[in-house]
Amino acid sequence: MSIDLNANYFQLFDLPQGFELDLAELKSRQRRLQLELHPDRHAGDERAQRLAVQYTAQLNQAFETLKSPLLRAEYLLQLAGVDTNYDSRSHSDPEFLMAQMEQREALEALKAEAQQDADAAERGLQQLQRAQREQALALYATFSQQFEAGDYSGAEALLARAHFIEKFGRQLRELEDYLLDL
Amino acid sequence: MAYSDKVIDHYENPRNVGKLDEGSDKVGTGMVGAPACGDVMKLQIQVNDDGVIEDAKFKTYGCGSAIASSSLLTEWVKGKTLNEAETIKNTEIAEELALPPVKIHCSVLAEDAIKAAIQDLKDKRGEA
């Protein structure tokens, strides 16, 4: 069993190339390919084993990329030839950024509140988490539409926003851990 | 990664954190973000009747370098005219704070923030 290392991640799993993705199907194909490509199946054959390790690494990379909505969106745009490297690009969308800043202020306030009233902080956290999830869902739904319609510049602007929303999601998970440790 | 002493100083004792009256026509607000790391930066300037920046405030949610870059910039722009403030380059900030290459984008963010604040003020005053 071998895989084409030049195939794109969707081809690797034989899944249709697009933002909408059957996650259950992705997982089951991942498991099947993992078993078929497992280096242990080539005990004694060093060359085949080395290749199998390479295939498995590629497979894992592909799986992690397709599984995450953010990485999948980014990957799709990359395949379409869009520059998604934000290293030295800043984003200016005052209204969106202001909302982001307000959410982070709310998170900061919750963290300060946690010492006095952990229950209130927990409720506040859940509210922010719900809001964040809704934002992310709405954003990815719009991304999917714009991407399918071939509006790559619109989709790219949404990807930039997604980075902020996902960052806030990570910060919420950190606060969750922090509250659990209190 | 090791932060320079200057970054740590600004991070631990940020100068000019806060906000100015956004509605005032003497105040310009610049709001920028870095998608790569999800940092958000707000920088505000207030000018006097001679067009000299008399106050500057910032609020940054981000890493130490982003906070230090905006903190330093608020110190630098005070007493400058808008035209002078506009010429500040991110490389000067990066050099002063001894930012490592992976953190250069934090200084870019600060430069973009002050430019946006100046533009906002000019828009408010009907200047091109």
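Going by the structure above, here's the rest.
What counts as what
- Residues numbered from 1 in each chain as written.
- Chains lettered and ligands numbered in written order.
- Predicted model: local features only at pLDDT ≥ 70, side-chain atom pairs only at ≥ 80, totals over all residues.
- Heavy atoms only, no water.
- Core = buried A, V, L, I, M, F, W, Y, C linked by side-chain atoms within 4.5 Å.
- Buried < 20%, exposed > 50% of the residue type's maximum accessible area, 1.4 Å probe, protein only.
- Helix = DSSP H or I, 4+ residues; strand = E, 2+ residues; numbered from the N terminus.
- Domains from an automatic or database assignment.
- Contact = heavy atoms within 4.5 Å.
- Pairing = 2+ DSSP bridges.
- Axes fitted to C-alpha atoms, helices over the stretch in contact; angles between N-to-C directions.
- Patch = residues over 30% accessible without salt bridge, like charges linked within 9 Å, V, L, I, M, F, W, Y side chains within 5 Å.
- Areas by Shrake-Rupley, 256 points an atom, 1.4 Å probe, with all protein chains shown as cover.
- Salt bridge = Lys/Arg side-chain N within 4 Å of Asp/Glu carboxyl O.
- Lys, Arg positive; Asp, Glu negative; His and termini not counted.
- Charge placed at Lys NZ, Arg CZ, Asp CG, Glu CD.
- Polar contact = N/O pair within 3.5 Å; in protein donor to acceptor, adjacent residues only side chain to side chain.
- Nonpolar A, V, L, I, M, F, W, Y, C, P; charged D, E, K, R; others polar.
- Parallel < 35°, antiparallel > 145°, perpendicular 65-115°, else oblique.
- Left-handed = near helix turned anticlockwise from the far one by under 90°.
- Phe/Tyr/Trp six-rings, centres within 6.5 Å; stacked < 30°, edge-to-face > 60°.

> Mind showing me how you'd approach the nonpolar core here?
A general tendency of soluble globular proteins is for nonpolar side chains to be buried together. Residues and elements named next belong to chain A. If you look at the biggest cluster of nonpolar residues, it comprises 41 residues, and the most contacted ones within it are F13, L26, L66, L77, Y140 and F143. Secondary-structure elements contributing two or more residues to this core are helix 1 (9-13), helix 2 (23-37), helix 3 (46-67), helix 4 (69-79), helix 5 (94-114), helix 6 (118-148) and helix 7 (152-181). Take this core: its biggest share by element is seven residues, from helix 7. For this core, the domains that each give at least three residues are domain 1 (9-67) and domain 2 (94-181). Those residues within four positions of L26 in sequence are excluded, and the remaining contacts are F13, L15, L21, F63, L66 and K67.

> For this particular structure, what's the right way to read the sheet that holds strand 3 (residues 53-61) of chain B?
Paired through backbone hydrogen bonds, the strands of a sheet run either parallel or antiparallel to each other. All names here are of chain B. Here three strands make up an open sheet; going across it, the order is 1-2-3 and the pairing antiparallel. Every other strand in the sheet has two partners, leaving strand 1 (27-34) and strand 3 as the edge strands with one partner each. The sheet shows a mean angle of 15 degrees between the axes of neighbouring strands, direction not considered. Bridge analysis of strand 2 (residues 39-47) against strand 3 gives eight bridges, and the strand direction is antiparallel. Bridge pairing links M41 to T60 in strand 3. Across the sheet, helix 5 (residues 104-124) lies against strand 1 and strand 2, angled at about 145 degrees from strand 1, the strand it touches most.

> Looking at this structure, how should I read a negative patch on the surface?
On the surface, a cluster of negative charge is made up of E174(A), E176(A), D177(A) and D181(A). Tracing the backbone shows E176(A) in helix 7.

> Help me understand the environment of I114(B), please; the structure alone is not making it clear to me.
Topologically, I114(B) is positioned in helix 5. Separated by 72 residues in sequence, I114(B) and K42(B) place their C-alpha atoms 9.1 Å apart.

> Could you clarify how one ought to interpret the interface of chain A and chain B in this entry?
A common way to report how large an interface is uses the accessible area buried once the components associate. Residue-level contacts link 19 residues of chain A with 19 residues of chain B. Put simply, chain A and chain B have two salt bridges between them. In this assembly, chain A and chain B are joined by six residue pairs in polar contact (both at pLDDT 80 or more). Secondary structure elements with two or more residues in the side of chain A that touches chain B: helix 5 and helix 7 of chain A. The leading source of residues in the side of chain A that touches chain B is helix 5 of chain A, at eight residues. Its residues assigned to classes, the side of chain A that touches chain B shows seven nonpolar, six polar and six charged.

> I keep staring at the packing of helix 4 of chain A against helix 6 of chain A and nothing clicks. Help me out?
The angle between the axes and the distance between the axes are what describe a pair of packed helices. Residues and elements named next belong to chain A. It is the contact of helix 4 with helix 6, at a shortest axis distance of 11 Å, that shows an interaxial angle of 15 degrees. When the axes of helix 4 and helix 6 are compared, the pair comes out roughly parallel. In this structure, the crossing between helix 4 and helix 6 has a hand that is left-handed. Listed contacts from helix 6 to P69, L70, A73, L76 and L77 of helix 4 are Y140, F143 and F147.

> When you look at the packing of aromatic side chains in this model, what are you seeing that I'm missing?
Within a pair of aromatic rings, the relevant descriptors are the distance that separates the centres and the angle that separates the planes. All names here are of chain A. All told, the structure shown has seven aromatic pairs over all chains when counted by the stated rule. When the centroid spacing of 4.3 Å and the interplanar angle of 15 degrees are considered together, the rings of Y9 and Y75 count as stacked. Of the two residues, Y9 sits in helix 1 while Y75 sits in helix 4, which places them 66 residues apart along the sequence. The pair formed by Y9 and Y75 is uniform in burial state, with each residue classed as buried. Seen in terms of ring centroids, F19 and Y140 are 5.7 Å apart; in terms of plane orientation they differ by 20 degrees. Their pairing is stacked. You can see F19 sitting in the loop between helix 1 and helix 2 and its partner Y140 sitting in helix 6, a full 121 residues away along the chain.

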